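So the chains spell out like this:
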Amino acid sequence: MSAILDFSIFPLDKGDSLSAYVARAVHIVRESGLPYVFSPMSTSIEGEWDEVLAVVTRCKEALEQDCSRIHVAVRIDWRTGPAGRLTAKIQAVEDHLAQA
């Protein structure tokens, strides 16, 4: 079983440039060892339910050290079956595009 969790997290009280705070969160995602894909608007991670939720919690805890208001948006796709869906889903679409 696996969960793909897609999330964005950033402070609402630190002005216009938030890349340093986003980088702090992405560093935590990297350190988790879970497969992930970083994009301009969100980050997707794959793992067991408790693992992926724990990563988001660690990101929130890291930001709350110096941020008084944090926005977190989360979407989760949970499914029975094997892991590896994070890359398989992308590859399936790429395969269809190659046939078009």
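We now turn to the structure provided with this report. These numbers come from a predicted model, not from an experiment.

1. Considering the nonpolar core
Here comes step 1: F7, V55 and C59 are the most contacted members of the largest nonpolar core, which totals 18 residues.
Here comes step 2: Where this core is concerned, the elements lending two or more residues are β1 (2–11), α1 (19–32) and α2 (49–63).
Here comes step 3: Element by element, the count of residues in this core is highest for α2, at six residues.
Here comes step 4: In contact with V55, other than residues within four places in its own chain, are I28, V29, S32, L34 and I45.

2. Brief notes about the pattern of salt bridges
Here comes step 1: With the rule as written, the count across this model stands at five salt bridges.
Here comes step 2: In this structure, R75 and D6 form a salt bridge, with 3.2 Å as the shortest nitrogen-oxygen distance. Of the two residues, R75 sits in strand β4 (residues 70–79) while D6 sits in strand β1, which places them 69 residues apart along the sequence.
Here comes step 3: For R75, a relative accessible area of 60% corresponds to the exposed category.
Here comes step 4: Several salt bridges share partner residues, and in doing so they unite D77, R85 and K89 into one network.

3. Regarding the sheet that holds β1
Consider a sheet: its strands pair through backbone hydrogen bonds, and that pairing is either parallel or antiparallel.
Here comes step 1: Taken in spatial order, the four strands make up an open sheet running β2-β3-β1-β4, and their pairing is antiparallel. The strands lining the two open edges of the sheet, one partner per strand, are β2 (36–38) and β4. Taken pair by pair, the neighbouring strands of this sheet meet at an average axis angle of 15°, ignoring direction.
Here comes step 2: As judged from the three bridges shared by β2 and strand β3 (residues 43–47), these two strands associate in the antiparallel manner. Bridge pairing in β3 links F38 to T43.
Here comes step 3: Its contacts with the sheet put helix α3 (residues 85–99) on β1, β2, β3 and β4, and the angle it makes with β1 is roughly 90°.

4. Here's the deal with the packing of α1 against α2
Here comes step 1: In contact at an axis separation of 9 Å, α1 and α2 are set at 145° when each is read in the N-to-C sense. Viewed along their axes, α1 and α2 form a crossing whose handedness is right-handed. Residues Y21, R24, A25, I28, V29 and S32 of α1 lie in contact with α2, whose contacting residues are V55, R58, C59, A62 and L63.
Here comes step 2: Among the residues making up the contact of α1 with α2, the classes are represented as eight nonpolar, one polar and two charged.

5. Some thoughts on the environment of R24
Here comes step 1: You can see R24 is positioned in helix α1.
Here comes step 2: Sequence separation between R24 and D13 is eleven residues, and the spatial gap between their C-alpha atoms is 16 Å.
Here comes step 3: If we skip the residues at most four places from it in the chain, R24 touches A62, L63 and D66.
Here comes step 4: Within polar-contact distance, the side chain of R24 engages the side chain of D66 at 2.9 Å.

The rules behind these values
Residues numbered from 1 in each chain as written. Predicted model: local features only at pLDDT ≥ 70, side-chain atom pairs only at ≥ 80, totals over all residues. Heavy atoms only, no water. Core = buried A, V, L, I, M, F, W, Y, C linked by side-chain atoms within 4.5 Å. Buried < 20%, exposed > 50% of the residue type's maximum accessible area, 1.4 Å probe, protein only. Helix = DSSP H or I, 4+ residues; strand = E, 2+ residues; numbered from the N terminus. Contact = heavy atoms within 4.5 Å. Salt bridge = Lys/Arg side-chain N within 4 Å of Asp/Glu carboxyl O. Pairing = 2+ DSSP bridges. Axes fitted to C-alpha atoms, helices over the stretch in contact; angles between N-to-C directions. Left-handed = near helix turned anticlockwise from the far one by under 90°. Nonpolar A, V, L, I, M, F, W, Y, C, P; charged D, E, K, R; others polar. Polar contact = N/O pair within 3.5 Å; in protein donor to acceptor, adjacent residues only side chain to side chain.

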